[in-house]
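Residues per chain are reported as follows:
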Amino acid sequence: MFLRVLLAGLVLIPFYELFLYLLMPGAKVPEWIDMRVTKEYMAVGSALALTLIVWIKEKNLACPNVWALAFIGFLFLNLSKTPIAVHAPIVEVARLGAFSAEFKTLVFFLFFCAMTTVNIGKRQITMVLKTICLCGAVMAVYMIFQALHLDQVYRPLPTSQIGAVKNPAVAGTFGQPTLAVPFLALCVPLVVFFRRWWYLAVITVAIVLTGSDFALICLWFLLLLYSFRNKLLFVLTIPAALAGAYMIFTHPAQYFNFNGRLEVWRQILQDIFTGQIQGVSAHIGMTGAGLNNFGIVFTALHSSPWTMAHNEYLQVLWTCGVIGLFIFLMIHVDIAKVAWMTSRYPGAPAIFLSLLMLAICAMGTFTYQLGTYQFYLVVLVGLLYQIQRKGIRL
């Protein structure tokens, strides 16, 4: 039952509105263009259901990543120390925002424990990874249809709302290209591992059609990594990589559009390291302003239209302080350690590279805060720990 529910979640969370569109009469466009909120509800619900299935069957939940457990403990401190001397209309809303985020974090933490506890083997893990590959290929095909203006389900969001993206219509089921390309990027290492070359072809075409800088960086980085295992690919890749790096560093503004991100990142560092921020009597440097409060408190205090930092690590710094960021990064270090320990097991490096793609994309967007990526992230990390614990070779 666990495997069936897991596979259903992997398919339905990114695509359920397309199923609704096909099954329901009429041609009504979804009211929320990217369905971000409802995707999050589905992801949280699926995570809770899977956790309960494992708990009922195994009577136990194990946590092999002690830093993840430490982060859950820290969040109680983060909530209790959220500065309250803010303008009156913001206070209660900010605390509510922090509490809801901590609840979702706790849900996915328990789901991670369930993924590492459940008794699954090579066949089940292979099915899960192949399903992820298939979902990536289907998303890519749909995005190619969008590039050809054949999409009749979604309306492209205006650039005034999502920023100066190059091809706003090529957004998959995520509402904008910036949020869709990490989904394709995380599938690339798995597609290469299973040698699904036509999957790789359509995914690459879809990524190029979006024109996303971070996605292209991910592809370039992956190609560079794989080139070290193939002499011919190395000979072809290294000169191109050096030429591309030279062009980027000599003319950065021509190849990268930060869309105002740098100003927000500079303000985050200033709030943390230069003392008290305007309107807040307490310093937020150690424990942060409260998880999920960036879009509430930061936006109001700085009269900023930015509700996300578009850099997950800096947003964790602002909302959880230096203590929270340290624990958050140590979670990543523990995952990297497990990846190193399983590097000789076929399949494990591909899973780690998929996680690395998400981590890179998180430097320029907010992938860790979207329900689809939260669900897929926990699944992949859980499978990596399963391979390490049981010595599974795919």
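Every value quoted in this text rests on a predicted model; they were computed, and no experiment measured them.

### Details of the overall build of the protein chain
The helix and strand inventory of the protein chain stands at 16 helices and zero strands. Out of the 394 residues belonging to the protein chain, those deemed buried represent 52%. Put simply, 78% of the contacts in the protein chain that link residues at least 6 apart link residues at least 24 apart. Surface summary for the protein chain: the accessible area is close to 18,600 Å², and the carbon and sulfur share equals 69%.

### A word on helix α16 (residues 371-390)
With 20 residues, α16 extends 29 Å from end C-alpha to end C-alpha; this agrees with the ideal 28 Å at 1.5 Å per step. Of all the 20 residues making up α16, 16 are buried; the element is thus mostly covered by neighbouring parts of the structure. A positive phi of about 65° marks Gly391, the residue just after α16.

### Structural notes on the side chain of Thr342
Tracing the backbone shows Thr342 in the loop between α14 (312-341) and α15 (348-361). For Thr342, a relative accessible area of 1% gives the class buried. Thr342 has contacts with Ala348, Pro349, Leu384, Ile387 and Gln388, leaving out every residue within four places of it along the chain.

### Thoughts on a nonpolar patch on the surface
On the surface, Leu12, Phe19, Leu20, Leu22, Leu23 and Met24 cluster together into a nonpolar patch covering about 630 Å² of accessible area. On the basis of relative accessible area, Leu12 is assigned to the partly exposed category, the value being 33%.

### Notes on the packing of α15 against α16
Viewed as axis vectors pointing N to C, α15 and α16 meet at an angle of 150°, and their least axial separation amounts to 10 Å. In terms of their interaxial angle, α15 and α16 are classed as roughly antiparallel. Judged by the twist between their axes, the crossing of α15 over α16 is left-handed. Residues Ala348, Ile351, Ser354, Leu355 and Leu358 of α15 form the contact with α16, whose participating residues are Tyr373, Leu377, Leu380, Val381, Leu383, Leu384 and Ile387. Residues of the contact of α15 with α16, tallied by class, amount to 11 nonpolar, one polar and no charged.

### A few points about unusual backbone geometry
Backbone geometry places His149, a non-glycine residue, at a positive phi of 60°. You can see His149 is positioned in the loop between α5 (122-147) and α6 (159-162). Residue His149 is classed as exposed on the basis of its relative accessible area, which comes to 69%. With phi around 55°, His310 is a residue other than glycine that occupies positive phi space.

### Structural notes on the pattern of salt bridges
If the charged atoms of two oppositely charged side chains come close together, the side chains can form a pair. Under the counting rule described, the total for this entry stands at three salt bridges. Residue Asp334 is joined to Lys337 by a salt bridge in which the shortest nitrogen-to-oxygen separation is 3.6 Å. Here Asp334 and its partner Lys337 are both found in helix α14, three residues apart, which amounts to about one turn of the helix. For Lys337, a relative accessible area of 47% corresponds to the partly exposed category.

### Focus on the packing of α5 against helix α8 (residues 197-210)
Between α5 and α8, whose axes approach to 8 Å, the crossing angle comes to 45°. With respect to α8, the element α5 is oriented oblique. Judged by the sense of rotation from one axis to the other, the crossing of α5 with α8 is left-handed. Counted together, Cys133, Leu134, Gly136, Ala137, Ala140, Val141, Met143, Ile144 and Ala147 of α5 and Tyr199, Val202, Ile203, Val205, Ala206, Leu209 and Thr210 of α8 form the full contact between these two elements. In terms of residue class, the contact of α5 with α8 is made up of 14 nonpolar, two polar and no charged.

### Describing the layout of surface pockets
Roughly 1,400 Å³ of internal volume is contained in the largest pocket. In terms of lining residues, the largest pocket is bounded by 47 residues, among which Thr105, Phe328, Tyr368, Gln369 and Gln374 are the most central. Element by element, the count of residues in the lining of the largest pocket is highest for α14, at 11 residues. Among the residues forming the lining of the largest pocket, the class breakdown is 32 nonpolar, 11 polar and four charged.

### Some thoughts on the packing of aromatic side chains
According to the stated counting rule, one finds 15 aromatic pairs in the structure shown. A centroid spacing of 5.4 Å and a plane angle of 10° characterise the contact between Phe174 and Tyr373, whose relative ring orientation is stacked. Here Tyr373 lies in helix α16 and Phe174 lies in the loop between α6 and α7 (177-193), a separation of 199 residues in the sequence. The same class applies to Phe174 and to Tyr373, which are both buried. Between the aromatic rings of Phe328 and Tyr368, the centroid separation amounts to 6.1 Å while the plane-to-plane angle is 65°, which identifies the pairing as edge-to-face. Here Phe328, found in helix α14, pairs with Tyr368, found in the loop between α15 and α16; they are 40 residues apart in sequence, far enough to count as distant.

Definitions and cut-offs
Residue positions within a chain follow its written sequence, with the count starting from 1. Local features in a predicted model are, by the rule used here, given only for residues with pLDDT of at least 70; side-chain atom pairs are given and counted only at 80 or more, and totals for whole chains, interfaces and linings are based on all residues. Here the side-chain values reflect all heavy atoms present in the structure, with hydrogen atoms and water set aside. Elements are defined by DSSP. Helices are runs of H or I of four residues or more, strands are runs of E of two residues or more, and each kind is numbered from the N terminus. Three exposure classes are used, based on accessible area relative to the maximum for each residue type with a 1.4 Å probe and protein chains only: buried under 20%, partly exposed in between, and exposed over 50%. Only heavy atoms enter the contact rule, under which two residues are in contact if any of them lie within 4.5 Å. Throughout, the Shrake-Rupley method with a 1.4 Å probe supplies accessible areas, and for residues the shown protein chains are the sole cover considered. For a helix, the expected span equals 1.5 Å multiplied by the number of residues minus one. The patch calculation keeps residues exceeding 30% relative accessible area without a salt bridge and links them within 9 Å when they carry like charges or within 5 Å when they are nonpolar (Val, Leu, Ile, Met, Phe, Trp, Tyr). We define a salt bridge as a contact between a side-chain nitrogen of Lys or Arg and a carboxyl oxygen of Asp or Glu at a distance within 4 Å. Axis definition: a line fitted to C-alpha atoms, limited for helices to the stretch in contact. Angles are taken between N-to-C directions and run from 0 to 180 degrees. Should an angle lie under 35 degrees it is considered roughly parallel, over 145 roughly antiparallel, and from 65 to 115 roughly perpendicular; all remaining angles are considered oblique. Crossing chirality is assigned from the near helix's rotation relative to the far helix, an anticlockwise turn below a right angle marking it left-handed and a clockwise turn marking it right-handed. Nonpolar residues are Ala, Val, Leu, Ile, Met, Phe, Trp, Tyr, Cys and Pro. Charged residues are Asp, Glu, Lys and Arg, and all others, Gly as well, are polar. Cavities and pockets were defined on a 1 Å grid built from protein atoms only: a cavity is a group of points that admits a 1.4 Å probe but offers it no way out, a pocket is an open group of points flanked by protein on both sides within 12 Å along at least five of seven lines, and a lining residue is one with an atom within 4 Å of any such point. Grid points are joined across faces, edges and corners, and a volume is the space filled by probe spheres set on the points. Note on aromatic contacts: the rings of Phe and Tyr and the six-membered ring of Trp form a pair at centre separations within 6.5 Å, being stacked when their planes are under 30 degrees apart, edge-to-face when over 60 apart, and tilted otherwise.

That's the geometry; what it means functionally is another story.
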